[in-house]
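# Residue-level structure breakdown
Now for the letters of each chain:
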Amino acid sequence: MEMEGLDRLKTGYFRKRYIISRMVLKYILCRILKRHSVSDMATYKDKYGKVHVSNHEELHVCISYTENIVVLAVSKFELGVDIEVKKKRSLANISKYLNKKTFQTDKSVNCLDLLTTWTLKEAYCKFSNKSIFSTFYRELDLNNVSYSSYIIDNEYILSLITSEGWHTINISLLEKIAFP
(Lines give C-alpha, C1' and ligand atoms only; values in the text may rest on other atoms or scores of the structure.)
Protein backbone atom coordinates (compact mmCIF):
# COMPACT_ATOMS: atom_id res chain seq x y z
CA MET A 1 0.00 0.00 0.00
CA GLU A 2 2.77 2.41 0.91
CA MET A 3 4.68 1.72 -2.30
CA GLU A 4 1.59 2.64 -4.32
CA GLY A 5 1.51 6.02 -2.56
CA LEU A 6 5.19 6.52 -3.22
CA ASP A 7 4.87 5.49 -6.88
CA ARG A 8 2.22 8.18 -7.47
CA LEU A 9 4.68 10.93 -6.52
CA LYS A 10 6.46 12.33 -9.56
CA THR A 11 9.34 14.41 -8.16
CA GLY A 12 12.29 13.42 -6.02
CA TYR A 13 11.41 16.16 -3.51
CA PHE A 14 7.92 14.75 -2.82
CA ARG A 15 9.19 11.18 -2.79
CA LYS A 16 11.89 12.04 -0.21
CA ARG A 17 9.51 13.83 2.13
CA TYR A 18 7.03 10.95 1.84
CA ILE A 19 9.71 8.39 2.77
CA ILE A 20 11.11 10.48 5.63
CA SER A 21 7.72 11.32 7.11
CA ARG A 22 6.59 7.69 6.99
CA MET A 23 9.80 6.44 8.61
CA VAL A 24 9.59 9.01 11.42
CA LEU A 25 5.89 8.21 11.84
CA LYS A 26 6.69 4.50 12.10
CA TYR A 27 9.35 5.12 14.75
CA ILE A 28 6.82 7.16 16.74
CA LEU A 29 4.21 4.42 16.31
CA CYS A 30 6.72 1.78 17.46
CA ARG A 31 7.15 3.70 20.71
CA ILE A 32 3.42 4.24 21.20
CA LEU A 33 2.45 0.66 20.35
CA LYS A 34 5.50 -0.90 22.00
CA ARG A 35 6.61 -2.66 18.84
CA HIS A 36 10.17 -3.70 18.18
CA SER A 37 10.45 -2.99 14.46
CA VAL A 38 9.20 -0.39 12.02
CA SER A 39 8.63 -3.21 9.56
CA ASP A 40 5.71 -4.25 11.81
CA MET A 41 3.95 -0.99 10.88
CA ALA A 42 1.95 -0.22 7.75
CA THR A 43 0.10 2.95 6.81
CA TYR A 44 -2.34 3.78 4.04
CA LYS A 45 -4.29 6.78 2.76
CA ASP A 46 -8.02 7.04 2.20
CA LYS A 47 -9.62 8.86 -0.74
CA TYR A 48 -9.10 12.31 0.85
CA GLY A 49 -5.48 11.64 1.74
CA LYS A 50 -5.94 10.92 5.43
CA VAL A 51 -3.26 8.59 6.75
CA HIS A 52 -4.36 5.50 8.69
CA VAL A 53 -2.38 2.91 10.61
CA SER A 54 -3.20 -0.63 9.51
CA ASN A 55 -4.92 -2.64 12.24
CA HIS A 56 -5.05 0.39 14.56
CA GLU A 57 -8.20 2.31 13.75
CA GLU A 58 -8.11 3.73 17.30
CA LEU A 59 -5.16 5.90 16.23
CA HIS A 60 -5.59 9.06 14.21
CA VAL A 61 -2.71 10.43 12.17
CA CYS A 62 -2.39 13.81 10.52
CA ILE A 63 0.57 15.01 8.47
CA SER A 64 1.36 18.45 7.10
CA TYR A 65 4.36 19.75 5.16
CA THR A 66 5.80 23.09 4.22
CA GLU A 67 9.21 23.53 2.66
CA ASN A 68 11.57 21.37 4.76
CA ILE A 69 9.27 21.06 7.80
CA VAL A 70 6.92 18.18 8.55
CA VAL A 71 4.28 18.04 11.28
CA LEU A 72 3.25 14.57 12.43
CA ALA A 73 0.30 14.27 14.79
CA VAL A 74 -0.73 10.96 16.36
CA SER A 75 -3.76 10.85 18.60
CA LYS A 76 -6.52 8.71 20.04
CA PHE A 77 -9.06 11.31 18.85
CA GLU A 78 -9.74 13.03 15.53
CA LEU A 79 -7.57 16.03 14.82
CA GLY A 80 -6.32 18.14 11.98
CA VAL A 81 -3.04 20.01 11.63
CA ASP A 82 -1.56 22.30 9.04
CA ILE A 83 1.68 24.21 8.86
CA GLU A 84 2.62 26.92 6.39
CA VAL A 85 5.69 29.07 5.97
CA LYS A 86 5.06 32.82 6.28
CA LYS A 87 5.69 34.27 2.82
CA LYS A 88 4.21 37.32 1.17
CA ARG A 89 3.98 35.59 -2.21
CA SER A 90 1.43 33.20 -0.69
CA LEU A 91 -1.10 35.99 -0.13
CA ALA A 92 -2.43 36.21 -3.68
CA ASN A 93 -2.83 32.46 -4.02
CA ILE A 94 -4.44 32.02 -0.61
CA SER A 95 -6.75 35.04 -0.61
CA LYS A 96 -8.56 33.96 -3.79
CA TYR A 97 -9.77 30.81 -1.97
CA LEU A 98 -10.97 32.45 1.24
CA ASN A 99 -14.45 33.72 2.01
CA LYS A 100 -14.42 37.45 1.25
CA LYS A 101 -16.85 38.22 4.13
CA THR A 102 -14.25 37.05 6.62
CA PHE A 103 -12.00 39.97 5.71
CA GLN A 104 -14.55 42.73 5.05
CA THR A 105 -13.66 44.99 7.95
CA ASP A 106 -12.40 48.53 8.37
CA LYS A 107 -8.94 47.36 9.35
CA SER A 108 -6.44 46.13 6.81
CA VAL A 109 -5.84 42.41 6.52
CA ASN A 110 -2.29 41.29 7.06
CA CYS A 111 -0.36 38.25 5.93
CA LEU A 112 -0.61 36.61 9.34
CA ASP A 113 -4.44 36.82 9.34
CA LEU A 114 -4.70 35.28 5.89
CA LEU A 115 -2.22 32.50 6.55
CA THR A 116 -3.78 31.69 9.91
CA THR A 117 -7.20 31.43 8.29
CA TRP A 118 -5.74 29.24 5.55
CA THR A 119 -4.00 26.88 8.00
CA LEU A 120 -7.19 26.62 10.07
CA LYS A 121 -9.13 25.82 6.91
CA GLU A 122 -6.69 23.09 5.87
CA ALA A 123 -6.56 21.68 9.41
CA TYR A 124 -10.37 21.61 9.48
CA CYS A 125 -10.49 19.67 6.21
CA LYS A 126 -8.05 17.12 7.62
CA PHE A 127 -10.01 16.96 10.89
CA SER A 128 -13.33 16.38 9.11
CA ASN A 129 -11.68 14.21 6.40
CA LYS A 130 -13.04 16.33 3.57
CA SER A 131 -11.44 17.67 0.45
CA ILE A 132 -10.04 21.21 0.66
CA PHE A 133 -12.36 22.01 -2.24
CA SER A 134 -15.33 21.55 0.11
CA THR A 135 -14.35 24.67 2.07
CA PHE A 136 -13.24 27.00 -0.71
CA TYR A 137 -15.12 30.30 -0.58
CA ARG A 138 -17.03 29.23 2.55
CA GLU A 139 -16.75 30.80 5.96
CA LEU A 140 -15.21 28.31 8.36
CA ASP A 141 -17.52 27.25 11.21
CA LEU A 142 -15.35 26.58 14.25
CA ASN A 143 -18.17 26.60 16.81
CA ASN A 144 -18.07 22.90 17.72
CA VAL A 145 -14.33 22.36 17.71
CA SER A 146 -11.30 23.37 19.72
CA TYR A 147 -8.68 25.14 17.67
CA SER A 148 -5.46 27.00 18.13
CA SER A 149 -2.73 28.51 15.99
CA TYR A 150 0.93 29.02 16.80
CA ILE A 151 3.83 30.93 15.32
CA ILE A 152 7.01 28.86 15.33
CA ASP A 153 10.39 30.58 15.07
CA ASN A 154 8.60 33.63 13.65
CA GLU A 155 8.65 31.75 10.33
CA TYR A 156 5.84 29.17 10.37
CA ILE A 157 2.17 29.11 11.30
CA LEU A 158 0.84 25.89 12.81
CA SER A 159 -2.89 25.33 13.33
CA LEU A 160 -4.59 22.46 15.14
CA ILE A 161 -8.27 21.50 15.28
CA THR A 162 -9.93 18.81 17.36
CA SER A 163 -13.27 18.01 18.94
CA GLU A 164 -11.48 17.37 22.25
CA GLY A 165 -10.55 20.02 24.79
CA TRP A 166 -7.04 21.44 24.95
CA HIS A 167 -6.34 19.70 28.25
CA THR A 168 -5.67 16.57 26.20
CA ILE A 169 -3.17 18.17 23.79
CA ASN A 170 0.60 17.82 24.22
CA ILE A 171 2.75 19.55 21.63
CA SER A 172 6.36 18.41 21.35
CA LEU A 173 8.76 20.33 19.18
CA LEU A 174 11.86 18.58 18.05
CA GLU A 175 14.88 20.77 17.51
CA LYS A 176 16.45 21.03 14.09
CA ILE A 177 19.58 18.93 13.73
CA ALA A 178 22.42 20.38 11.69
CA PHE A 179 24.31 17.74 9.76
CA PRO A 180 27.96 18.41 8.83
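For the structure itself, look to the data block above.
Remember, it's a predicted structure, so these values are computed and weren't measured experimentally. (Residues numbered from 1 in each chain as written. Predicted model: local features only at pLDDT ≥ 70, side-chain atom pairs only at ≥ 80, totals over all residues. Heavy atoms only, no water.)

### Looking at the environment of Glu78
By secondary structure assignment, the location of Glu78 is in the loop between strand E4 (69-75) and strand E5 (79-85). Those residues in contact with Glu78 that lie beyond four places of it in its chain are Lys50, His60, Phe127, Ile161, Thr162 and Ser163. At 3.1 Å, the side chain of Glu78 and the side chain of His60 are in polar contact. (Helix = DSSP H or I, 4+ residues; strand = E, 2+ residues; numbered from the N terminus. Contact = heavy atoms within 4.5 Å. Polar contact = N/O pair within 3.5 Å; in protein donor to acceptor, adjacent residues only side chain to side chain.)

### A few points about a nonpolar patch on the surface
A cluster of nonpolar side chains, namely Ile20, Val24, Ile28 and Ile32, defines an oily patch on the protein surface of about 300 Å² accessible area. Along the chain, Val24 turns up in helix H2 (residues 12-33). Judged by relative accessible area, Val24 falls into the partly exposed class, the value being 35%. (Patch = residues over 30% accessible without salt bridge, like charges linked within 9 Å, V, L, I, M, F, W, Y side chains within 5 Å. Areas by Shrake-Rupley, 256 points an atom, 1.4 Å probe, with all protein chains shown as cover. Salt bridge = Lys/Arg side-chain N within 4 Å of Asp/Glu carboxyl O. Buried < 20%, exposed > 50% of the residue type's maximum accessible area, 1.4 Å probe, protein only.)

### Focus on H2
Its 22 residues give H2 an end-to-end C-alpha distance of 31 Å, which sits within 8% of 32 Å, the value for a rise of 1.5 Å per residue. By the burial criterion, the buried members of H2 are Tyr18, Ser21, Arg22, Leu25, Lys26, Leu29 and Cys30. Positive backbone phi, approximately 55°, marks Lys34, located one or two places after H2. (Expected span 1.5 Å × (residues − 1).)

### Describing helix H4 (residues 111-128)
An ideal rise of 1.5 Å per residue puts 26 Å on 18 residues; H4 measures up with 26 Å between its terminal C-alpha atoms. Just downstream of H4, Asn129 is the residue with a positive phi angle, here 55°.

### Concerning the side chain of Glu122
Along the chain, Glu122 turns up in helix H4. Put simply, Glu122 is tucked away with no salt bridge, and the nearest opposite charge, on Lys126, sits 4.5 Å away. For Glu122, the contacting residues outside a window of four places in its chain are Asp82, Glu84 and Ile132. (Lys, Arg positive; Asp, Glu negative; His and termini not counted.)

### Some words on the packing of aromatic side chains
Inspection of every chain in the model, using the stated rule, returns two aromatic pairs. Between the aromatic rings of Tyr124 and Phe127, the centroid separation amounts to 6.0 Å while the plane-to-plane angle is 50°, which identifies the pairing as tilted. Separated by three residues within a single helix, Tyr124 and Phe127 lie in helix H4, roughly one turn from each other. Lying across the ring of Tyr65, Arg17 places its NZ or CZ 3.9 Å from the centre. (Phe/Tyr/Trp six-rings, centres within 6.5 Å; stacked < 30°, edge-to-face > 60°. Lys NZ or Arg CZ within 6 Å of the ring centre and 35° of its normal.)

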